[in-house]
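Descriptive analysis of the structure
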Amino acid sequence: MASYVHRIEVQYTRDPRLPTRTERFRSLGFPLRELHLVDVYTIATAQRDFSPEELSQIGAQLSNPVVQRYSVDRPTEAEFDYAIEVGFLPGVTDNAGTTARQTIEDYFNFQFGEEEAVFSSQLYLASGDLTPEALQRLTAALANPLVNRVHVKSREEYAGKGMDVVTPFVRLHELQTAGTVDLDLPDAELARIGKEGILDPATGERRGPLALDLAQLHAIRDYFRKLGRKPTDVELESLAQTWSEHCKHTIFASAMDDDVPRGLYKTCIQAATNTIRAAKGENDICVSVFTDNSGAIVFDDEHLVTCKVETHNSPSALDPFGGALTGIVGVNRDTIGFGLGAKPCINIYGYCVGDPDTEPALFRGKNRQNPILPPRRIFEGVVRGVDVGGNCSGIPTPQGWCYFHDRYVGKPLVFAGTVGVMPRARGGRPLHEKQARPGDLIVMVGGRVGKDGIHGATFSSEALDPASPVTAVQIGDPITQKKFSDVIVKEARDLDLYRSITDNGAGGLSCSVAEMAKESGGCHVLLDRVPLKYPGMAPWEIWISESQERMTLAVPEEKIEAFMDLMQKREVEATVIGTFTDTGRCVVEYNGETVMDVDLDFLHDGLPKKHLRTEPVETVYPEPDVPCPDRLDDLLLTMLSRKNICSKEFISTRYDHTVQGGHVLGPVQGAGRVQATATLTKVVLGSMKGVGLSQGLFPSYSELDPYRMALAAIDAAVRGLVAIGVPMETIALLDNFCWCSSDEPGRLWQLKRAAFGCYDGAVGFGAPYISGKDSMFNDFSGFDADSNPVKVSVPPTLLITSIGVHPDVTTAVSMDAKFDGDLVYVVGETSEELGGSEYLAHLGIEGGSVPSLDIEAAKVRYGRMTDAIQKGLLASAFPVTHGGLLVALAKVAIAGRIGMDLAIPGGMRPDTYLFSESLGRFVVTVAPSNREAFEAIFGGDAHLLGRVGGETFRVSAGEQTLIKQPVTAMETAYKAPFGGY
Amino acid sequence: MARANTPRALIMSGYGINSEMETAEALRRAGMESDIVHINDLIAGEKTLTDYRLMVFPGGFSYGDDTGAGNAYANRVRNNLWSDVKEFLAGDNLVLGICNGFQILANLGLVPAFDQDRPREIALMPNRKGVLECRFVTLKPAADNLWTKGISHLYCPVSHGEGNFYCSEETLARIEREGMVAFRYCRDDLSPADGEYPYNPNGAIADIAGVTSADGKVLGLMPHPERAMEFVNLYDWPTRKEWLKREGKPLPTESMNMQFFRNIVNYFER
């Protein structure tokens, strides 16, 4: 027990953030005069106490005398009505506390031991006429009950005493041995183990779902019957992790109906890549596909680039900040864990959330218990999570988007991706290959292991015990990760100190070690060697814990000394936890006792096969029937301020997109600062090549036509890159399916249609998939305000991310119109395709034709675009997507802060022509002197609409003026919705 | 190892510093080789400060900005390397801190350093908007010194959560009087930003973006010239390119920001 506890409070003498912070909470409806913030450090030690003078020295180390003051064991004096202290619950990552501890250790040259720590917390001092109800709401807005502890005191209660001193140490009283589990049970009882978990002999409670179905449990029972013994809890938990949907992707792997006997992954995704690679022959761009933590393509003769996009949905619903932070630093490890370690060089984000202006009354429990977080809270939380994760890691985050739809209120989708760069070879050794060999030592590097993430996001009954650690959600520690990322990718890799590396993600050690064991043919793990965050964890917990910021490496014995020495110098914790073998078995020991001994073959391939059935979903909608307005001015401004179209620039400026020095085309472009579709980044400073990134996502098409939805996503992703000058031949794709209710035949049919679209689109464009990820059950099941059961499922969502290599970034084209007198064209054909469009969503109409894609025509057009860009004929280019042609034209004008005078052709209703979301189109502007050369390339496929110039945006059809708006008014509408963020 | 007649730069790294590679590249292009050295290797004595003429604290998020941006890293320097750093400062050497590096210098008291005690006299507080701000800014030299020579303006990104320069009125008066303000945020036409967002992106008093030490040998700068070394790194390069093309002029490869690094190299070649 810590015997000495001291509390240091640090406050700004003049806090520059005070007006912004106060204003923000006022805008949320709180009657606050001021909201002050005090940083609190609670220092708990056992081996020594600090003298008052030493505590003063600590206070000085933790504050800045120019603008801050500190107090030791004395409450901060200030004018306020209520004091609200927000700290962490036991076991939650506390980065500021860790930094303070390191500072104290360094200053006094002593090390904190067990039961010694520094805990950080934030003390809000609120003044204002807060009713008890408002105070409660304010507390809820400042803290998340899943990760935070909160203490509130009135001015009177605070007077003289200040806040209580709290030291949230973790205390466990677990059974520290492995038990066996009897599977010779009736099916009903077996099924219960699968659904609710193993019965814990100590507590008499279930440990949380294994998510194993009856067939899988039978397979496990039969395997252990053959071995003549009962499985241990370690073995059962381990199999549940390895066989999980998350790891084995059973829905994409299983046979489906009669026409997909090999499963959707092999039939649609992998087959597309194989077909394309075979057709490209020597021009194949793929280096590593599907098998590693990321996919990789050729960048130039010396380098390759990797890419991976992950989702982190369930954790983000519970703790948006921690969920998104863990998402981005987690996918960074898919880069560090690619081959022998690639350097993360670009981050990607994407958020599907509910409308932040709504507050749906949805609850996880009956009687209004456990409400969901409101969409705005989720949105701001995930934005901040990637802010902290990406910025602290020194990785630029230029590429991303947000999409709003009411069906994301229960389960937001948080996409996080990372591009990496690495030399193709070093010392004759290809760096994308890795191979653990028998005898290599298993080394765990990075953070320590706690109960984080065990059984994912299920609410553990233990959460009721105030000293039990938080397990449901995790908060990342980007600096711990940055430390090992630097030493691995910038030092150890090039010193050839290890033979294989992988990330600890889902399933923790149980998955990373077992995965690498495939390379050597077996493993022998000494689980008691694993360093823990706190004592008292059971072996099964250590084995499957998802504590963040860890990698597993295979280090040859002769290099272990050099490896460990380097890690120690960089203050990175590294521990030998076993040996890779060639026994064909995964053996785990704990305190000298074997707690797991399973054939690798059974562990990886013993999963019983499934055969899925689908049922077509008929969707028949009448074509929309609404009158076309005479003037479209209001409609234009309304469309520009729709949340899926308007500016979310506050995210782009919060996310560092210039670090590493490769910024070429960033997230916002032009004098008018409009958000771009695609970005371009130099990742090898000495090269003129660049990495282009773009994305495509059309959830509003899914229910109408999932096949076309997939084609639309692929087309938009490819076209975004073509518009900045990336040639089609260099483009690779990544797929992220975020489906719902994937146990329903109708949803599976939609999945199948979308997967077929994925095959046709990729093969049509010759753009191979290099990596992908799926998340099949994005459903929220809960209750409304009257305790009626409610299920909210996300619309079937497919994100296609495209990555391509720009041959010469000096030829790249930005989106903004640039010169008076330049010609404005739309390249490509416009059809009556309003189905799922932003226009119909604005009108509240579901239905219509979803845009179709003529891939062959598109391919020819995109080749011409590349030709025109390489010849320097385009002053700007921008793909037409959400909102259709009018929105694209308006964005090009706003970005250039320059007007346009345009005339649209007859033959189609103006609103249909202007808002149809037909695929394959670009808006381009061309200098008059380039007109001839430009038209010679495109012929009739480029339609001249008018000219750039002036300060007014004018659109007419024949004699009729449809729109006449100052560009400034359009810019205001475009930037208004999130202007206050 | 560095030869005495070839001035070499030591670029600090570790604990979340992240701009060491592009900083080394900018110096290399300007004509100066450097070694990226983890602070623990300096503390362990595996590298020696006296082998170098320029010490750079690059940008980053050391210790995740916890306990105040640059504070924890500054503590590590002060608690372990203080006498070496003081000795280095006494020689004919330069120290540069960019962004997180400036925050470290401010916490170490290496700027403004009116006297040898080097107390903390300036602070880089959280930005007025309370969040990180990443955008291009225009900087105008406010003094004629070794760092600003031949620079009409710089155009480069800021990317920080805590760059809001603050000091007492007396300190400000003295910094101004002694010509220690090296760069100020300004508008596109180089007129003063006068505190107006976004030209002054963080609320810094007197639009201060960079200051030197009293002896002029240490510079702390919030914006990142090393992140916009090339013409194509500039925010508005596509527009500039179209102008140049239509005027029949060639495209530059370098940006104006390289002069900043050349000035450092020129100092050692004088």
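Rules of the game
- Residues numbered from 1 in each chain as written.
- Chains lettered and ligands numbered in written order.
- Predicted model: local features only at pLDDT ≥ 70, side-chain atom pairs only at ≥ 80, totals over all residues.
- Heavy atoms only, no water.
- Helix = DSSP H or I, 4+ residues; strand = E, 2+ residues; numbered from the N terminus.
- Buried < 20%, exposed > 50% of the residue type's maximum accessible area, 1.4 Å probe, protein only.
- Contact = heavy atoms within 4.5 Å.
- Areas by Shrake-Rupley, 256 points an atom, 1.4 Å probe, with all protein chains shown as cover.
- Lys, Arg positive; Asp, Glu negative; His and termini not counted.
- Charge placed at Lys NZ, Arg CZ, Asp CG, Glu CD.
- Pairing = 2+ DSSP bridges.
- Axes fitted to C-alpha atoms, helices over the stretch in contact; angles between N-to-C directions.
- Parallel < 35°, antiparallel > 145°, perpendicular 65-115°, else oblique.
- Nonpolar A, V, L, I, M, F, W, Y, C, P; charged D, E, K, R; others polar.
- Left-handed = near helix turned anticlockwise from the far one by under 90°.
- Buried area = accessible area lost by both parts, 1.4 Å probe.
- Arc of directions from axis to C-beta.
- Domains from an automatic or database assignment.
- Salt bridge = Lys/Arg side-chain N within 4 Å of Asp/Glu carboxyl O.

**Let's talk about the overall build of chain B**
Per the secondary structure count, chain B includes 7 helices and 11 strands. Dimensions along the principal axes, computed over C-alpha positions, put chain B at roughly 55 × 45 × 35 Å. By residue count, 65% of the 270 residues in chain B fall in the buried class. In chain B, the proportion of contacts linking residues at least 24 apart, taken out of those at least 6 apart, comes to 76%. Of the accessible surface of chain B, which amounts to about 9100 Å², a share of 47% is contributed by carbon and sulfur atoms. Of the charged side chains in chain B, 29 are positive and 36 negative; the average position of the first set lies 4 Å away from that of the second.

**Brief notes about the sheet that holds strand 35 (residues 876-879) of chain A**
Residue and element names in this part refer to chain A. As summarised here, the arrangement of the 7 strands in space is 35-37-34-38-36-39-40, forming an open sheet in which the pairing is mixed. The sheet is open, and its two edges are formed by strand 35 and strand 40 (960-966), each paired on a single side. Neighbour-to-neighbour, the strand axes of this sheet turn through a mean angle of 20 degrees, independent of strand direction. Two elements, strand 39 (residues 952-957) and strand 40, share 6 bridges in a ladder whose sense is antiparallel. When the bridges of strand 40 are listed, alanine 957 appears paired with glutamine 960. Packing against the sheet, helix 26 (residues 855-870) makes contact with strand 34 (823-827), strand 35 and strand 37 (922-926), and its axis sits at approximately 30 degrees to strand 37. Helix-sheet contacts for helix 30 (residues 967-975) involve strand 39 and strand 40, and the interaxial angle to strand 40 is about 75 degrees.

**Regarding the packing of helix 20 (residues 633-640) of chain A against helix 30 of chain A**
In a pair of packed helices, the angle between the axes and the distance between the axes together describe the arrangement. Residues and elements named next belong to chain A. Across the interface, helix 20 lies against helix 30 with an axial gap of 7 Å and an inter-helix angle of 40 degrees. In terms of their interaxial angle, helix 20 and helix 30 are classed as oblique. On helix 30, the residues that touch Leu636, Leu637 and Leu640 of helix 20 are Ala969, Met970, Ala973 and Tyr974. Partitioning the contact of helix 20 with helix 30 into residue classes produces 7 nonpolar, no polar and no charged.

**As for the packing of helix 23 (residues 706-724) of chain A against helix 26 of chain A**
Residues and elements named next belong to chain A. Direction vectors running N to C along helix 23 and helix 26 enclose 15 degrees, while the axes themselves pass 9 Å from each other. When the axis of helix 23 is compared with that of helix 26, the two are roughly parallel. Regarding helix 23 and helix 26, the two cross each other, and that crossing is left-handed. For the pair formed by helix 23 and helix 26, the contact residues are Leu711, Asp715, Val718, Arg719, Val722, Ala723 and Ile724 on the first element and Ile855, Tyr862, Met865, Thr866 and Ile869 on the second.

**Describing the side chain of histidine 303 of chain A**
By the secondary structure assignment, histidine 303 of chain A is in strand 10 (residues 303-311). Looking at histidine 303 of chain A, the relative accessible area reads 18%, which means it is buried.

**Digging into the sheet that holds strand 6 (residues 133-141) of chain B**
Residues and elements named next belong to chain B. Taken in spatial order, the 9 strands line up as 2-1-3-4-11-10-9-6-7 in an open sheet, and their pairing is mixed. Taken across any chain shown, the strands that pair with only one partner, and hence form the sheet edges, are strand 2 (34-38) and strand 7 (154-160). Taking each pair of neighbouring strands and ignoring which way they run, the sheet shows an average axis angle of 25 degrees. One ladder, built from 7 bridges, connects strand 6 with strand 7; its direction is antiparallel. The residue bridging cysteine 134 from the neighbouring strand is serine 159, located in strand 7. Packed on one face of the sheet, helix 7 (residues 258-269) meets strand 3 (54-57), strand 4 (94-98), strand 7, strand 9 (181-186) and strand 11 (218-221) and runs near 165 degrees to strand 4.

**Focus: the interface of chain A and chain B**
Counting residues at the interface gives 70 residues for chain A, matched by 61 residues for chain B. At the boundary of chain A with chain B, total buried surface from both sides reaches about 5400 Å², with 54% on carbon and sulfur atoms. Broken down by element, the side of chain A that touches chain B gets its largest block of residues, 8 residues, from helix 3 (residues 95-108) of chain A. Looking at the side of chain A that touches chain B residue by residue, the classes come out as 26 nonpolar, 25 polar and 19 charged.

**Describing the environment of alanine 143 of chain A**
All names here are of chain A. Here alanine 143 lies in the loop between helix 4 (132-142) and strand 6 (148-154). Separated by 589 residues in sequence, alanine 143 and alanine 732 place their C-alpha atoms 42 Å apart. Not counting the four nearest positions on each side in its chain, alanine 143 is found in contact with Val86, Asn148, Val150 and Arg377.

**Observations concerning helix 6 (residues 187-196) of chain A**
All names here are of chain A. Looking only at helix 6, the buried set comprises Leu190, Ile193 and Gly194. Axial view of helix 6: buried residues confined to an arc of 95 degrees, hence all on one face. More than 90 degrees from the buried face of helix 6, the exposed residues found are Ala188 and Lys195. The inward-facing, buried residues of helix 6 abut helix 7 (214-227) and helix 8 (233-242). Positive phi appears at glycine 197, one or two residues downstream of helix 6, with a value of about 110 degrees.

**Overview of the domain arrangement of chain A**
As assigned here, chain A comprises domain 1 (4-158), domain 2 (187-231) and domain 3 (439-581). Between the C-alpha centres of domain 2 of chain A and domain 3 of chain A there is a distance of 26 Å.

**Here's the deal with the pairing of strand 1 (residues 4-12) of chain A**
Residues and elements named next belong to chain A. Strand 1 sits mainly inside the fold: 7 of its 9 residues count as buried. The pairing of strand 1 with strand 2 (residues 32-45) spans 8 bridges and is classified as antiparallel. By the bridge assignment for strand 2, valine 5 is matched with alanine 44. Bridge count for strand 1 against strand 3 (residues 68-72) is 5 bridges, and the pairing is antiparallel. Note that in strand 3 the partner of isoleucine 8 across the bridge is valine 72.

**Things to note about the pattern of salt bridges**
What the rule picks out here adds up to 87 salt bridges over all chains. A salt bridge links aspartate 184 of chain A to arginine 225 of chain A, with the nearest nitrogen and oxygen atoms 2.8 Å apart. Highlighted residues: aspartate 184 of chain A in the loop between helix 5 (155-158) and helix 6 and arginine 225 of chain A in helix 7, separated in sequence by 41 residues. Taking the shortest distance from any N to any O, the salt bridge between arginine 270 of chain B and aspartate 92 of chain B comes out at 3.0 Å. Of the two residues, arginine 270 of chain B is situated in the segment after helix 7 and aspartate 92 of chain B in the loop between helix 3 (71-90) and strand 4; the sequence distance between them amounts to 178 residues. Residue arginine 270 of chain B is classed as exposed on the basis of its relative accessible area of 61%. Judged by relative accessible area, aspartate 92 of chain B falls into the partly exposed class, the value being 33%.

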